[in-house]
Amino acid sequence: MSRQILTVSANTSEEQRDDAIEKISNLLDERDRLQADISPPFTQAEDELGQSLMQLEKQVVQALERYKQTIRSSITATQSKKEHVKSYVNPYANVSRDGTFYDTKS
């Protein structure tokens, strides 16, 4: 399951982002349900598997953090583009009136 999360988070483009987020969410939900069934005592093989899963979990956390940062930077870029378009369409919308010269001799 963790390997599937790593695969989905690594191989998605911006167009497939919504599907990838849904897949990751479903995989995390399923993993949470399965983790509830884990209970000691563990055999030697289960302990070794658990150790390898702990290493894999660190990779999953890093991959999801990178994915989250990618999404955040994309959102920031989109918002910046929207503001740029607004200022291009109406360049005088945010003009400050401080320091305006008034002629008092009229």
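Residues numbered from 1 in each chain as written. Predicted model: local features only at pLDDT ≥ 70, side-chain atom pairs only at ≥ 80, totals over all residues. Heavy atoms only, no water.

## Focus: the nonpolar core
Here is step 1 of the chain: I5, L6, L27, L56, V60 and A63 together form the largest nonpolar core, which totals 6 residues.
Here is step 2 of the chain: Put simply, the parts of the chain that give this core at least two residues each are α1 (2-10) and α3 (44-89).
Here is step 3 of the chain: A per-element tally of this core places α3 first, with 3 residues.
Here is step 4 of the chain: Once residues lying within four places of it in the same chain are set aside, the contact partners of L27 are M1, Q4 and I5. (Core = buried A, V, L, I, M, F, W, Y, C linked by side-chain atoms within 4.5 Å. Buried < 20%, exposed > 50% of the residue type's maximum accessible area, 1.4 Å probe, protein only. Helix = DSSP H or I, 4+ residues; strand = E, 2+ residues; numbered from the N terminus. Contact = heavy atoms within 4.5 Å.)

## Focus on the environment of A10
Here is step 1 of the chain: Locating A10 in the fold gives a position in helix α1.
Here is step 2 of the chain: For the pair formed by A10 and A20, sequence separation is 10 residues and the distance between their alpha carbons is 9.7 Å.

## Quick notes on α3
Here is step 1 of the chain: Here α3 spans 68 Å end to end across 46 residues, near enough to the 68 Å set by a 1.5 Å rise per residue.
Here is step 2 of the chain: For α3, the full list of buried residues reads L56, V60, A63, Y67, I71 and S74.
Here is step 3 of the chain: Those residues of α3 hidden inside the fold are in contact with α1 and α2 (17-35). (Expected span 1.5 Å × (residues − 1).)

## Section: the confidence of the model for the chain
Here is step 1 of the chain: Summing up the model confidence of the chain, the mean pLDDT is 87 and the portion of residues at 70 or higher is 89%.
Here is step 2 of the chain: Ranking the elements of the chain by mean pLDDT puts α1 last, at 90, and α2 first, at 93. (pLDDT = per-residue confidence, 0-100.)

## Observations regarding the pattern of salt bridges
Here is step 1 of the chain: Scanning the entire structure with this criterion turns up 3 salt bridges.
Here is step 2 of the chain: A salt bridge links E57 to R31; the nearest nitrogen and oxygen atoms lie 2.6 Å apart. Linking E57 in helix α3 with R31 in helix α2, this pair joins segments that are 26 residues apart in sequence.
Here is step 3 of the chain: Close ionic contact of E83 with K86 constitutes a salt bridge, the shortest N to O distance being 3.8 Å. Placement of the pair is E83 and K86 together in helix α3, with a separation of 3 residues, close to one helical turn. (Salt bridge = Lys/Arg side-chain N within 4 Å of Asp/Glu carboxyl O.)

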